[in-house]
Amino acid sequence: MEQLALNAWLAAHPDVEQIPGRDLFIVARYLVPLDATLAQGCLVAAGVPAVLADAHLMQTDLLLAPALGGVRVLAPLEYLPQAQAVLEGLARGDYALDDDRTYG
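This section reports on the structure supplied with the text. (Residues numbered from 1 in each chain as written. Predicted model: local features only at pLDDT ≥ 70, side-chain atom pairs only at ≥ 80, totals over all residues. Heavy atoms only, no water.)

So, the pairing of strand β4 (residues 71–76)
At step 1: Counted residue by residue, β4 has six buried out of six residues, so it is predominantly covered.
At step 2: Bridging between strand β3 (residues 51–53) and β4 involves three bridges; their strand directions are antiparallel. If you follow Ala-53 over to β4, its bridge partner there is Arg-72. (Buried < 20%, exposed > 50% of the residue type's maximum accessible area, 1.4 Å probe, protein only. Helix = DSSP H or I, 4+ residues; strand = E, 2+ residues; numbered from the N terminus. Pairing = 2+ DSSP bridges.)

Quick look at the pairing of strand β2 (residues 24–30)
At step 1: The buried fraction of β2 amounts to five of the seven residues, a majority that puts the element mostly inside the structure.
At step 2: In this structure, strand β1 (residues 17–18) lies alongside β2, joined through two bridges in antiparallel fashion. When the bridges of β2 are listed, Glu-17 appears paired with Ile-26.
At step 3: Taking the residues that link successive antiparallel strands as the turn, the β1-β2 hairpin has five residues, and the phi of Gly-21 there is positive, at about 75°.

Structural notes on the nonpolar core
At step 1: Judged by nonpolar contacts, the single largest core of 23 residues is most densely connected at Val-27, Leu-43, Val-48, Val-73, Leu-80, Ala-83 and Leu-87.
At step 2: Elements with a contribution of two residues or more to this core: α1 (3–12), β2, α2 (33–45), α3 (55–60), β4 and α5 (80–92).
At step 3: In this structure Leu-80 touches Leu-6, Trp-9, Leu-10, Val-16, Phe-25, Val-27 and Ala-75, once residues within four positions along its chain are discounted.
At step 4: One finds Ile-19, Leu-24, Ile-26 and Ala-53 within the second-largest nonpolar core, a separate group that totals five residues. (Core = buried A, V, L, I, M, F, W, Y, C linked by side-chain atoms within 4.5 Å. Contact = heavy atoms within 4.5 Å.)

Things to note about the environment of Leu-10
At step 1: In this fold, Leu-10 is placed in helix α1.
At step 2: Leu-10 sits 63 residues away from Val-73 along the chain, and the two C-alpha atoms are 16 Å apart.
At step 3: Dropping the residues within four chain positions of it, Leu-10 is found in contact with Val-16, Phe-25 and Leu-80.

Next up, the structure:
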């Protein structure tokens, strides 16, 4: 992503922040590690190489989650727009399973 386009995109998405000294950006935060793992799974399934940060720490002591900012979902620079679209779809319920359908 070109620097000007990146700056404009980041200005439009103030919740996305860069990890200092890295090419990774925090695209989401979750207080519950399972929610973060679900989001990461949706991102990976959509082709975004997302990783979790602090998941094990939050699982050790959930009382620390609010103080430490929760589990961070990280994605590389070139995947930011795609990651944001997937996370917005997850929040809308686009990936929810139908309760009336039988699977298998």
